[in-house]
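A look at the structure
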Amino acid sequence: MHAPRVVSRASVALVTLALAVGTSAAIPSPVAAETPGNIAVASGEHAPDVAVSYVPPWNSAAALNDGASRPTDSLNAMWGTWGASPVPDTDVATYTWDTPVTVSASTLFLWQNAGVGDGGVRVPAGWSLEYQDAAGDWAPVRGDDVTYPLPAFDPAQPKTSLAPVDVVFDAVTTRALRLTLERQVVDGQPHATSVIEWEVSGVAAPDDPDPEPSDGFVAAEDVAVRTLTGVLPSLPSRIWVVDADAPLREASVTWDAVTPAAVARPGTLAVTGRVSGYEGQTVAATVFVADEFSQATTSIDYTSVITAPGVAPVLPATVRAAFDDGTAASGVPVTWDPVAPEAYADAEAMFDVSGTVAGFSAGALATVFVIAPVDQTTPLVSIVFDAAPEGSGWYIATPKAVVTAQKTAADIASIEVSLDGGTTWRPYTEPVAVDVQGEVTVRARATATDGAVGESRASAKIDTVAPVTGDRIEVVDEVSALVTLSPTDAQPGSGLSRTVWSDGPDADPAGASNNMFATYEKPFSVELTDAPRFVHVRSQDAAGNEEATRTITLPPRTTTPVLEIESSAVTRMIAGKAYVIATVKNTDDVAVDLVFTSAYGSKTVMGVQPGKSVSASFSSRAATVPAGQVLIGATAVVGGQEVSVERTADYRAL
């Protein structure tokens, strides 16, 4: 036996709620029958959590189920895996639902850019689906005609959204579905994959309601048995159950009949059992059917129980073992080490008990939580967000906070929510959009009719604003241009991740004649040609926001004098009104005349001297302005010639 460990009151409360949920949990209604549809879409009633093996900042894991399957080349509108290091052979995405779902088909919308730009994304070499069974193991979906088609590669369209591909399989009820993409290997290199949308066709499976408080068990043995092909399984006649606020005990169970057809071939099946004395509650057993068994145990499931101070813990007589043939059995005898009374004498302690299992040297382990009975008198309050963040951990779209409050000793009188750390509170009537930036803590509180107050809080990192890349162009000796980029990310935010750039003769950033995109590290020089040359830039932040690609036009190689100015624009709130303020610095050595043109008017400033800066402000006459640009025209006489130049200064929304 291991030494006792003292745990915090918060830890004890969590364990109490987890093991004794029947004492206070609300009783959900059974899920109504539905028409099969895309059960994975984020806006749906049964939206799953999304997890991926890897996602770079400029892609989005949340795009997998945002409901947008239309063709796109926007990188943040798809899940991608370019940049994973070390380079894997497969890419994996997993949907996990909070309620069982019955699914029978799936559709993939793939994307590629083979040979264009970064050129590292290709059609996968293959793909497959697995579901999680009742035992928590992964198994492939099955069916007489299960095939995983791939879209054809058209060399004439190396960068494109591909036609959807579908797979249909035998309906299966599960809480999780896993997609595996096998990377295509070209010249010995596995290439990344991208998915615009992953749809899953199904319905929410009917769910049994929880028992009334104190009328049912809150936990039961995870039953697993093994049988040979063609042999009916021998299911246990008794299993252990845990009642609310009561130790583990054994109860009789009656199982549904298993037909010979169900064990005619290797696989797994679930069998429902009804426990004596618990009307309306069922348990499930997983039956593993195999042609032959291995006796080599690979692991023993971890066990945990609770007890009260001074009450000897009751540990199960058997444990669940996994074998190296992929099967499991729950009726494996275990002998637990003796437990000294002092180990469970005090509340808020926890300790481990070792167990001996024949044929498995590592044995078994059980953790005992010593918990004093807790009388819950304040409302139980919880906060969840209506969507999962990106793989980066940040939200790039405004999430909504969903607050629930459950009565305990008295009815709920009011619910309130705060987005500023509790400084101000507002009544809660519906999910609240968390429309602030940075690392945010949402607080909620519920007040009961007897005055008792329950509170909860939840944190989120939110950055919905894409970075902006400014630039400065210096023409050197009329033959080259030195390009300096100045990316910025709105604060508070996730911070810049990287800026990429490409140059070439094509004004289209995706033009095949342009150079590949590279990561910006320092100012770079571009050789001018007889025709205009173009520099394409965009920045990404750590959250996953990506700026729309900006194109900078470089002048053709010429002896025509060049007028040099620097420009920028910002938005400001002045006396309750939104203003756009554009600033120009004359970096040339001659005086210039300037014309500022915006969506809110135009202004002219004459004779701006070398080295001087001037600003023009424009009132929107409103409390907000959308993002936009100020067009700046500059005119001067340089070397006896009149020279004009135009610049645009981007400004952000306010």
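Residues numbered from 1 in each chain as written. Predicted model: local features only at pLDDT ≥ 70, side-chain atom pairs only at ≥ 80, totals over all residues. Heavy atoms only, no water.

What to know about the overall build of the chain
If you tally the helices and strands in the chain, you get 1 helix and 47 strands. In terms of its C-alpha atoms, the chain occupies a principal-axis envelope of roughly 105 × 65 × 50 Å. Relative to its full complement of 654 residues, the chain shows a buried share of 42%. A sequence separation of at least 24 residues applies to 64% of the contacts in the chain between residues at least 6 apart. Accessible area for the chain stands at about 31,500 Å²; split by element, carbon and sulfur atoms hold 52% of it. Taken together, the 37 basic and 77 acidic charged side chains of the chain have centroids lying 7 Å from each other. (Helix = DSSP H or I, 4+ residues; strand = E, 2+ residues; numbered from the N terminus. Buried < 20%, exposed > 50% of the residue type's maximum accessible area, 1.4 Å probe, protein only. Contact = heavy atoms within 4.5 Å. Areas by Shrake-Rupley, 256 points an atom, 1.4 Å probe, with all protein chains shown as cover. Lys, Arg positive; Asp, Glu negative; His and termini not counted. Charge placed at Lys NZ, Arg CZ, Asp CG, Glu CD.)

A few points about the nonpolar core
Counting residues in each nonpolar core, the largest one holds 31 residues, and the members touching the most others are Leu108, Trp198 and Val200. For this core, the secondary-structure elements that each account for two or more residues are β5 (90–113), β6 (126–132), β9 (165–182) and β12 (194–204). Grouped together as the second largest cluster of nonpolar side chains are 23 residues, Ala321, Trp336, Ala366 and Val368 included. (Core = buried A, V, L, I, M, F, W, Y, C linked by side-chain atoms within 4.5 Å.)

Structural notes on the sheet that holds strand β36 (residues 496–504)
With antiparallel pairing, the 4 strands of this open sheet are ordered in space as β37-β36-β39-β40. Two strands in the sheet have a free side with no partner beyond their single neighbour: β37 (518–519) and β40 (550–554). Summarising the sheet, β36 and strand β39 (residues 533–541) pair through 8 bridges and their orientation is antiparallel. Counterpart to leucine 496 in the pairing with β39 is aspartate 541. (Pairing = 2+ DSSP bridges.)

Here's the deal with the side chain of aspartate 463
Residue position: aspartate 463 is located in the loop between β33 (453–462) and β34 (468–476). For the buried aspartate 463, no salt bridge is present, and the opposite-charge side chain at shortest range is arginine 652, 8.4 Å distant. (Salt bridge = Lys/Arg side-chain N within 4 Å of Asp/Glu carboxyl O.)

What to know about the sheet that holds strand β29 (residues 412–418)
Within the open sheet, the 5 strands sit side by side as β27-β33-β32-β29-β30. Their pairing is mixed. This sheet does not close on itself; its edge strands, each paired only once, are β27 (394–395) and β30 (426–427). Here β29 pairs with β30 via 2 bridges, running antiparallel. Directly across from glutamate 416, in β30, lies its bridge partner proline 427.

Some points on the pattern of salt bridges
A full pass over the atoms with the stated rule returns 17 salt bridges. Between aspartate 471 and arginine 550 there is a salt bridge, and its shortest N-O distance comes to 2.9 Å. Linking aspartate 471 in strand β34 with arginine 550 in strand β40, this pair joins segments that are 79 residues apart in sequence. Judged by its relative accessible area of 18%, arginine 550 is buried. Here glutamate 474 makes a salt bridge to arginine 472, at a shortest N to O gap of 3.4 Å. Note on arginine 472: relative accessible area 36%, which makes it partly exposed. Salt bridges sharing common partners tie together Asp222, Asp301 and Arg320.

Some words on the pairing of strand β43 (residues 592–598)
Residues Val592, Leu594, Phe596 and Ser598 of β43 are buried on one face, while the alternating residues Asp593, Val595 and Thr597, pointing to the opposite face, are not. A loop of 2 residues connects β43 with strand β44 (residues 601–608), the two strands running antiparallel in sequence. Here β43 pairs with strand β46 (residues 628–638) via 5 bridges, running antiparallel. Across the sheet, aspartate 593 pairs through a bridge with threonine 635, a residue of β46.

A short note on the side chain of glutamine 540
With respect to the secondary-structure elements, glutamine 540 resides in strand β39. In contact with glutamine 540, not counting residues within four places along its chain, are Trp58, Pro467, Leu496, Ser497, Arg498, Val500, Asn545 and Glu546.

Notes on the confidence of the model for the chain
Mean pLDDT for the chain: 87, with 91% of residues reaching 70 or above. Here residues 1–33 is modelled with pLDDT under 50, and outside its nearest four sequence neighbours on either side it reaches 70 contacts, counting other chains as well. pLDDT under 50 marks residues 207–214. Its contacts with residues more than four places away, or in other chains, come to 20 contacts. (pLDDT = per-residue confidence, 0-100.)

Notes on unusual backbone geometry
Cis geometry is adopted by the peptide bond preceding proline 86, which originates at serine 85 and carries an omega value of -5°. Looking at where proline 86 falls in the secondary structure, it is placed in the loop between β4 (79–80) and β5. Note that the residue after glutamine 491, namely proline 492, is joined by a cis bond; omega there is 0°. Among the secondary structure elements, proline 492 is positioned in the loop between β35 (480–488) and β36. Although it is not a glycine, aspartate 187 adopts a positive phi angle of roughly 55°.

Some words on the environment of aspartate 49
Here aspartate 49 shows up in strand β3 (residues 49–52). Overall, the relative accessible area of 52% leaves aspartate 49 in the exposed class. Residues aspartate 49 and threonine 96, spaced 47 residues apart in sequence, show a C-alpha to C-alpha distance of 5.1 Å. Ignoring anything within four residues of it in the chain, the contact list for aspartate 49 reads Thr94, Tyr95 and Thr96.

Some thoughts on the environment of aspartate 589
Locating aspartate 589 in the fold gives a position in the loop between β42 (577–586) and β43. We classify aspartate 589 as exposed; its relative accessible area is 63%. In this structure, the C-alpha to C-alpha distance between aspartate 589 and leucine 563, residues 26 residues apart in sequence, is 9.0 Å.

A closer look at the packing of aromatic side chains
Under the criterion given, the structure shown has 8 aromatic pairs. An angle of 75° between the planes, with centres 5.1 Å apart, marks the rings of phenylalanine 217 and tyrosine 278 as edge-to-face. Of the two residues, phenylalanine 217 sits in strand β13 (residues 217–220) while tyrosine 278 sits in the loop between β17 (267–275) and β18 (282–290), which places them 61 residues apart along the sequence. With a relative accessible area of 7%, tyrosine 278 lands in the buried category. Counting every residue linked through ring pairs, the aromatic cluster contains Tyr95, Trp97 and Trp198. (Phe/Tyr/Trp six-rings, centres within 6.5 Å; stacked < 30°, edge-to-face > 60°.)

A closer look at the environment of glycine 355
Turning to its location among the elements, glycine 355 is positioned in strand β24 (residues 349–357). What makes glycine 355 buried here is its relative accessible area of 9%. Considering only alpha carbons, one finds glycine 355 and proline 247, 108 residues apart in sequence, at a separation of 19 Å. Beyond its immediate chain neighbours, meaning those up to four positions away, glycine 355 contacts Val334, Thr335, Trp336, Gly363 and Ala364.

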